[in-house]
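Residue-level listing of the chains:
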Amino acid sequence: MRPACARIDLSALRHNLTIARQHAATARVMAVIKANGYGHGLVRVATALEGADAFGVACMEEAQALREAGMAGRIVLLEGFFAADELASIARLDLDLVVHHDWQIEALERWSDKQPLRLWLKVDSGMHRLGFAPERAVVARERLLHSGVCRGVPCLMTHFANADVREDRTTERQIERFNSATEGLPGPRSLANSAGLLGFADSRADWVRPGIMLYGVSPFAQGDGRALDLRPAMTLTTRLIAINRYRAGDCLGYGGSWCCPEPMTVGVAAIGYGDGYPRHAPSGTPVLVGGQRSQLLGRVSMDMVMVDLRGLPEVRIGDPVTLWGEGLPVEEVARHAGTIAYELLCNVSQRVRMEEAGGD
Ligand SMILES: *Cc1c(COP(=O)(O)O)cnc(C)c1O
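Residues numbered from 1 in each chain as written. Predicted model: local features only at pLDDT ≥ 70, side-chain atom pairs only at ≥ 80, totals over all residues. Heavy atoms only, no water.

Structural notes on the layout of surface pockets
- The volume enclosed by the largest pocket comes to roughly 760 Å³.
- Along the walls of the largest pocket sit 35 residues, with Lys34, Tyr38, His159, Asn193 and Tyr342 positioned nearest its centre.
- Of all the elements in the fold, those that place two or more residues in the lining of the largest pocket are helix H2 (34-38), helix H9 (194-199), helix H10 (330-337) and helix H11 (341-347).
- Ranked by residue count, the leading element in the lining of the largest pocket is H10, at three residues.
- A class-by-class count of the residues in the lining of the largest pocket yields 21 nonpolar, six polar and eight charged.
- Taken together, domain 1 (10-219) and domain 2 (234-357) each give at least three residues to the lining of the largest pocket, which thus spans both.
- Space inside the second largest pocket adds up to approximately 190 Å³.
- In terms of lining, the second largest pocket is formed by 18 residues, of which the most central are Gly216, Arg226, Pro232, Gly325 and Pro329.
- For the lining of the second largest pocket, the class distribution of residues is 10 nonpolar, four polar and four charged.
- Both of domain 1 (10-219) and domain 2 (234-357) provide at least three residues apiece to the lining of the second largest pocket. (1 Å grid on protein atoms, 1.4 Å probe; cavity = no way out; pocket = protein on both sides within 12 Å on 5 of 7 lines; lining within 4 Å. Points joined across faces, edges and corners; volume = space filled by probe spheres on them. Helix = DSSP H or I, 4+ residues; strand = E, 2+ residues; numbered from the N terminus. Nonpolar A, V, L, I, M, F, W, Y, C, P; charged D, E, K, R; others polar. Domains from an automatic or database assignment.)

Observations regarding the state of the cysteines
- Counted according to the given criterion, the structure contains one disulfide.
- One disulfide in the model links cysteine 251 with cysteine 259; its S-S distance is 1.9 Å. Handedness of the cysteine 251-cysteine 259 disulfide follows from its S-S torsion of about 100°: it is right-handed.
- Cysteine 155 provides the cysteine sulfur closest to cysteine 150, a residue in no disulfide bond, and the two sulfurs are 11 Å apart.
- Cysteine 150 gets classed as buried once you look at its relative accessible area, which sits at 17%.
- Of all cysteine sulfurs in the structure, the one in cysteine 59 sits closest to cysteine 346, which takes part in no disulfide; the separation is 13 Å. (Disulfide = S-S within 2.5 Å. Buried < 20%, exposed > 50% of the residue type's maximum accessible area, 1.4 Å probe, protein only.)

Comments concerning the packing of aromatic side chains
- Per the stated rule, a full pass over the model turns up five aromatic pairs.
- Centroid distance phenylalanine 81 to tryptophan 103: 5.3 Å. Interplanar angle 70°. Geometry classified as edge-to-face. Pair noted here: phenylalanine 81 is in the loop between strand S4 (74-77) and helix H5 (87-92) and tryptophan 103 is in helix H6 (residues 102-110), with a separation of 22 residues, a long-range link.
- Assessed through its relative accessible area of 1%, phenylalanine 81 is described here as buried.
- Judged by its relative accessible area of 33%, tryptophan 103 is partly exposed.
- By the ring-pair criterion, three or more aromatic residues cluster together here, those being Tyr38, Tyr215 and Tyr342.
- For the cation-ring pair, arginine 166 lies above phenylalanine 220, with the distance from its terminal atom to the ring centre recorded as 3.9 Å. (Phe/Tyr/Trp six-rings, centres within 6.5 Å; stacked < 30°, edge-to-face > 60°. Lys NZ or Arg CZ within 6 Å of the ring centre and 35° of its normal.)

Some thoughts on the packing of H6 against helix H7 (residues 137-146)
- Where H6 meets H7, the axes come as close as 9 Å, and the angle between the chain directions of the two elements is 20°. The orientation of H6 with respect to H7, classified from their angle, is roughly parallel. Taken as a pair, H6 and H7 cross one another with a handedness that is left-handed. Contacts between H6 and H7 involve Asp102, Ile105, Glu106, Leu108 and Glu109 from the former and Ala140, Arg143 and Leu144 from the latter.
- The residue inventory of the contact of H6 with H7, partitioned by class, reads four nonpolar, no polar and four charged. (Axes fitted to C-alpha atoms, helices over the stretch in contact; angles between N-to-C directions. Parallel < 35°, antiparallel > 145°, perpendicular 65-115°, else oblique. Left-handed = near helix turned anticlockwise from the far one by under 90°. Contact = heavy atoms within 4.5 Å.)

Considerations on the domain arrangement of the protein chain
- According to the domain assignment, the protein chain contains domain 1 (10-219) and domain 2 (234-357).
- One C-alpha centre belongs to domain 1, the other to domain 2, and the line joining them spans 37 Å.
- At the interface, 13 residues of domain 1 touch 10 residues of domain 2.
- Between domain 1 and domain 2 the total buried area reaches about 1,000 Å² when both faces are included, carbon and sulfur atoms providing 61% of it.
- Linking domain 1 with domain 2 are one salt bridge.
- Across the salt bridge formed by glutamate 356 and arginine 44, the nearest N and O atoms sit 2.7 Å from each other.
- Here domain 1 and domain 2 share three residue pairs in polar contact (both at pLDDT 80 or more) between them.
- Sorting the residues of the side of domain 1 that touches domain 2 by element identifies helix H1 (10-24) and H2 as the ones contributing at least two each.
- By residue class, the composition of the side of domain 1 that touches domain 2 is seven nonpolar, five polar and one charged. (Buried area = accessible area lost by both parts, 1.4 Å probe. Salt bridge = Lys/Arg side-chain N within 4 Å of Asp/Glu carboxyl O. Polar contact = N/O pair within 3.5 Å; in protein donor to acceptor, adjacent residues only side chain to side chain.)

Dropping the structure here:
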């Protein structure tokens, strides 16, 4: 059996939800579990986080998988619907729907088989990706109320562009713009992703929408989850399948991008970009070999990486290698690889075996 394994710590997921709740104070918590639970397994994560007040997903297929697994609570489609022919299923599955564009309002107005849906109106407070311009929020909301499909009043929401940088003033401006665009309108409000929740107390409102922090990862550009009392939910490991000795000047792997400066021992670990480990991780990217810190050497291959065994004479073939997780923050690996932890977690591929720990 291939030794590459992602161990998912269910107790860490639950712990991180508790931390999110502490920061949320009285706000309700929508646990964002799109993209296969940020790579941790959609139903597995939903089951561990069943105490959340709602789940946020990106599409109907994800929501349907949750319903089929018996999740009866609220599920919010964060991008709304992609085509009008989804509306019947959305009603049947009793999903909450984000409405972010005129074409969606028109489709709801034209829907012949109208059924009441819980709607969220997305306001663009400055990110300029999805949502109605602030000055159009009132009119869009009126249209939803008169469309004949709105159950109760819409929840008003927006999304932050720069909340991962605490010093960035644009988040405060987005909060102000959203508050003034929605002032006096009845209905709950939702602004905060993980970074908003942890960094901007004014953004908590009625619903918070943490994603990345639930997986134990800091949403901020600096630091890692430990300082926020978060615990990593995924630990990606494999094993050493070879230990080889090379001479000074021997160059390793494809392209020979790293050459031994001295006679030395090099380990080969069975994991590569075919497993979702980032190919752009350069020599020097940290790994743990038998629990001790070491580094990647040479280029990442599809199925293997090479690791530095200088100073680790007791290491043997079969010893565990940790790529990220417990003892090695994924944030740190992401910085070396020139990406963000979100991408690394989402990219763990199908062939990596998933194991659960920390269940009751
Ligand atoms: C993905 C997403 C979130 C969660 O963001 P994190 O940075 O992972 O906390 C919240 N709200 C919306 C609309 C999203 O798409």
